[in-house]
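A closer look at the structure
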Amino acid sequence: MLAIAIHDLLFKWPGADAFSLAVPELQIACGEKVFLLGASGSGKSTLLNLIAGVLTPQQGSIRILDTDFSQLSARQKDRFRARHIGLVFQQFNLIPYLDVETNIRLASSFVGSPGPVSTSTSTSKSDANAAPQRMRALLEGLQLDPALLKRRADSLSVGQQQRVAIARAMINQPALLIADEPTSALDTDARDSFMQLLLGLQANSGTTIVFVSHDRSLASGFDRVVDMRQLVACQPLQPLGTTHAA
Amino acid sequence: MLLELAWRSLWNRRGSVLLTLLSITLSVFTVIGVEHIRSQARESFSRTISGVDLVVGARTSQLNLLLYSVFRIGNASNGVSWPTYAALAADKRVAWSIPLSLGDSHRGYRVLGTTSDYFTHFRYGAQTPLELREGQVFGEDNEVVLGATVAARLGYQLGDELVLAHGLGEVSFSNHDDAPFTVTGILAATGTPVDQTLHISLHSMEAIHASLQNATAAASAHTEPAHTEPESITAFLVGLKSRAAVFGLQREINDLAAEPLTAILPGVALAELWSTMAAAEAVLSAISALVLLASLLGMATLLLSSMKERTREIALYRAVGAHASTILLLIELECLLITCMGMAAGFLLVWAGLLAGQDWLSEHYGLVINTFPLNGTIATYLAVILVGAVVLAGIPAVTAYRSSLAGKLRLGA
């Protein structure tokens, strides 16, 4: 089964001269660790929003975990995202005034009842009893002191916050983890330990990872590097003179 | 979970939320307070007197006469001479009459000079007669029957002696020290100005004034004997044998050549009072409604202006799987939390205020009120406030909904 299967995708932001994104083909297998290389403005943010089901393409198909997004309502996509996709961003991953535990629990609170979406990797919510254990295991794996759980999120260091963000993204045992420049706000030491912990966690869970960064030096632990420029090489709607072929 | 999130989000912005809460509390306080006092005033006034066909006093407006004779608010500018009263009381259409002589006070409570007919014929509420809780009606001079509040407040019991003063103030400069009164009876509570009144006989009333004159003008050769008929009374209440005669007698009294008098029908005078107050009530209600609207708009403004700084927060909720409608619900919930707290606080404030102020109201205005400020109208108002809050909260909520539907998940820089 493919974690991500994109075919002939076309998305255009509203407005005549607005940015558009075309992805002819992208396939990522389950359990694969993919490093998506792209500078800012390359359309990677738009692509991630499409994969997360927040944006809807004008053309083409997106299948995530064998589920065709065009078949899902907006609400079903939200629930699908809550259950199967973990997201980690560059910064501001946590609600600042909530404590760490509530921030992590947020992810599980929107999973809701099992809808029409079902895949073989689906984590059912019947294992609610296992959640505290899972949280503890996650914290341990991320080298976070359990005492931090009761602290307000904004009292943590940025490095700690990013690690809590991983815990939040992984708490529902998603099949797909998308990390968008998660290390860009970290210093070198924190960045290295972050990468180590992330990849270590992946080794245990087998989660598919799409790691987006402009920094090629981080790509070492990944199975495959996908360059945004190659991915979107063919852009029929791109206005003349703006194409920068690799 | 959502409720917890709403609560923590509000707590995080407690400074501005508290101010909004305060403004809602105060406006709810105003709305409930105005409405409750209004309805209670009507009820209290309406039950003060019943079964009286005419109230007669010196020539004045019917409202003024009603206020000073029945509600003990304000003072009579003039009295009714005793012969005129005697003549009218003897009219064959009159079944009974009660003379009222006001003007003295005892430690802030009004002293009423009257006859024992007062206890026989006076009615309040639903034709309820006065009832003595203990003791008996005054008989001889220097005996006093206390209203329930007077007895309770001043701690008087049967057989106690007290001294009556001339004038109305709490402290009087001319205490009638030489004329102590004995408590012979205490009335059961009525919830009307009767509770705040000390009742003595007309004779006693004359006697204390006569003795006052004796004391202060010792040189004067002119001394009046005690047990005299009073020269005049303040007003009197009339019950007729047949109500059909009421308008005829009223006209006759109003046209009386001997003395300029005013006779009023209490019900008609009350209706005039309500219509006089209606305009003021309408203005008060309108103002309190506007104040409320302003504070609800203030709440919507607060939440709307916080939307910008909460863009990241909302995007985060979306990222972890919250639907845009969940965001809408969250904002609505925050508004409802503020509004409900404001309503509860406003309600409690009115309640506490009434509990604290009920004695003052009843002593100064003869207003006996129910201190629990809830009735059908107020419940309706509260419901309207809640609906209004939900509607106005829709402004920031829908804004958040739209932006979270259109927005990207990408956070940060």
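Everything that follows concerns the structure shown earlier in this document.
Residues numbered from 1 in each chain as written. Chains lettered and ligands numbered in written order. Predicted model: local features only at pLDDT ≥ 70, side-chain atom pairs only at ≥ 80, totals over all residues. Heavy atoms only, no water.

Regarding the sheet that holds strand β3 (residues 33-37) of chain A
Sheet strands pair via backbone hydrogen bonds, and the direction of the pair is either parallel or antiparallel. All names here are of chain A. Taken together, five strands build an open sheet; the order of strands is β6-β7-β8-β3-β9 and the sheet is parallel. Whereas interior strands pair on both sides, the edge strands pair on one side only; in this sheet they are β6 (85-88) and β9 (224-227). Going across the sheet, the axis of each strand differs from the next one's by a mean of 20 degrees, ignoring polarity. As paired strands, β6 and strand β7 (residues 176-180) are joined by four bridges and run parallel to one another. Paired with V88 across the strands is A179, a residue of β7. Lying over the sheet, helix α1 (residues 44-51) contacts β3, β6, β7 and β8 (208-213), oriented at roughly 155 degrees with respect to β7. Those strands touched by helix α6 (residues 188-205) are β3, β7 and β8, and its axis lies near 160 degrees from that of β8. (Pairing = 2+ DSSP bridges. Helix = DSSP H or I, 4+ residues; strand = E, 2+ residues; numbered from the N terminus. Axes fitted to C-alpha atoms, helices over the stretch in contact; angles between N-to-C directions. Contact = heavy atoms within 4.5 Å.)

What about the packing of helix α5 (residues 158-170) of chain A against α6 of chain A?
Residues and elements named next belong to chain A. The interhelical angle for the contact between α5 and α6, taken along N-to-C directions, is 15 degrees, at an axis separation of 10 Å. Classified by the interaxial angle, the pair formed by α5 and α6 is roughly parallel. With respect to the hand of their crossing, α5 and α6 are arranged in right-handed fashion. Contacts from Q162, R163, I166 and M170 of α5 reach α6 at F194, L197, L198, L201 and S205. Partitioning the contact of α5 with α6 into residue classes produces six nonpolar, two polar and one charged. (Parallel < 35°, antiparallel > 145°, perpendicular 65-115°, else oblique. Left-handed = near helix turned anticlockwise from the far one by under 90°. Nonpolar A, V, L, I, M, F, W, Y, C, P; charged D, E, K, R; others polar.)

Focus: the nonpolar core
Of all hydrophobic cores here, the largest spans 86 residues; its most connected members are I104, I166 and F211 of chain A together with V28, M299 and Y317 of chain B. With 11 residues, the top contributor of residues to this core is helix α11 (residues 324-365) of chain B. In this view, I166 of chain A contacts V88, L142, F194, L198 and L201 of chain A; residues no more than four positions away in its chain are not counted. Within the second largest apolar cluster, 37 residues are counted, among which are A3, I6, L9 and L87 of chain A. (Core = buried A, V, L, I, M, F, W, Y, C linked by side-chain atoms within 4.5 Å. Buried < 20%, exposed > 50% of the residue type's maximum accessible area, 1.4 Å probe, protein only.)

Just distances and angles here, no functional claims.
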